[in-house]
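Topology and contacts: notes
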Amino acid sequence: CLEDRTLFLKRLRRICKKRGIPLKYILVTETKRMTNIHHHVILNKMDPEIIAEAWEQMEGTGGISFRLMDNRGNHAKLAAYLVKESRSTMERFRETGRRGKRYSTSQNLVKPKPTYEVVAASSWKKDPKARKGAVLYKFDDGATCRSGWHEVSGYPYQEYFEVFNE
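Residue numbers restart at each chain and count upward from 1, following the sequence in its written direction. Owing to the predicted nature of the model, reporting of local features is limited to residues with pLDDT of at least 70; listing and counting of side-chain atom pairs is limited to 80 or more, with chain, interface and lining totals taken over all residues. Only hydrogens and water are set aside when side-chain values are computed; all heavy atoms of the structure are taken into account.

Description of the sheet that holds strand S2 (residues 38-43)
By way of backbone hydrogen bonds, the strands of a sheet pair with one another, either parallel or antiparallel. Pairing between strands is defined by DSSP: at least two bridges between them are needed. We count a stretch as a helix when DSSP gives it H or I for four or more residues in a row; a strand needs E for two or more, and each element gets its number in order from the N terminus. What the three strands build is an open sheet, ordered S2-S1-S3; its pairing is antiparallel. If you trace the sheet from one side to the other, it starts and ends with S2 and strand S3 (103-105), each paired once. Averaged over all pairs of adjacent strands, the angle between their axes in this sheet comes to 15 degrees, without regard to strand direction. Both strand S1 (residues 25-30) and S2 contribute to a ladder of six bridges, which runs antiparallel. Each bridged residue has a counterpart across the sheet, and for Tyr-25 the counterpart in S2 is Leu-43. Throughout, a contact is declared for two residues whenever any of their heavy atoms are within 4.5 Å. Inter-axis angles, ranging from 0 to 180 degrees, are taken between N-to-C directions of lines fitted to C-alpha atoms, where helices are fitted over the stretch in contact. Running at roughly 160 degrees to S1, helix H1 (residues 2-19) makes contact with S1, S2 and S3 of the sheet.

Laid out in structure tokens, this is it:
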């Protein structure tokens, strides 16, 4: 499966390069004792036929399925799921004496640097609005803003995330 993963990425890079499409990806290999080994690949926006073309060249492998990412902008749950599931995969590889990375990424990913701004509580807006070009991240409960009292410092806080889409 690790060789298949490497070969698929090599073929996908080649196809994207020919078509002038930048390739950005995060790839995680997953297996549990009762499931087949499979890969989760998060790709930048591209025609699904390109991905299918790269995978169809693989011999003796299973199929592929696609799911579009939603527009929340922050996919912390997805990331947590992928990392959690990759732990069991690496344990299984170690049992067989093989080594591998839990995930791989393309080198051209932009790693955002969060910015924090301390603002006096008296100037907080009850419902913050996103700046131009950004959307507010929705938490699991559907709210876009959290506030309360910090359990260590005892100071009030307000938290929200602005996500800028490419």
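Re the pairing of strand S6 (residues 156-159)
Along any regular strand the residues' side chains alternate between the sheet's two faces. Pairing of strand S5 (residues 146-149) with S6, which is carried by four bridges, proceeds in the antiparallel orientation. Across the sheet, the residue bridging to Trp-149 is Pro-156, located in S6.

A word on the pattern of salt bridges
Any Lys or Arg side-chain nitrogen located within 4 Å of an Asp or Glu carboxyl oxygen qualifies as a salt bridge. For the coordinates displayed, the defined rule picks out three salt bridges. Between Glu-53 and Arg-19 there is a salt bridge, with its nearest N and O atoms 2.8 Å apart. Of the two residues, Glu-53 is situated in helix H2 (residues 48-56) and Arg-19 in helix H1; the sequence distance between them amounts to 34 residues. Exposure categories follow from relative accessible area, calculated using a 1.4 Å probe and restricted to protein chains: below 20% of the type maximum is buried, above 50% is exposed, and the middle band is partly exposed. The exposure class assigned to Arg-19 is partly exposed, which follows from its relative accessible area of 45%. Among the ionic pairs, Arg-146 bridges to Glu-159, the shortest N-O distance being 3.9 Å. In this pair, Arg-146 sits in strand S5 while Glu-159 sits in strand S6, placing the two residues 13 residues apart along the sequence.

Re the packing of aromatic side chains
Only rings of Phe, Tyr and Trp enter the pairing, Trp through its six-membered ring, and a pair is recorded when the two centres are within 6.5 Å. The plane angle decides the type: under 30 degrees is stacked, over 60 is edge-to-face, the rest tilted. This structure, assessed with the given rule, holds four aromatic pairs. Between Phe-8 and Trp-55, the ring centres sit 5.3 Å apart and the planes meet at 70 degrees, which makes this aromatic pair edge-to-face. Residue Phe-8 is found in helix H1, and its partner Trp-55 is found in helix H2; the two are separated by 47 residues along the sequence. No difference in accessibility class separates Phe-8 from Trp-55, as the two residues are buried. An aromatic cluster is built from Tyr-137, Phe-139 and Phe-161, whose rings are joined through pairwise contacts.

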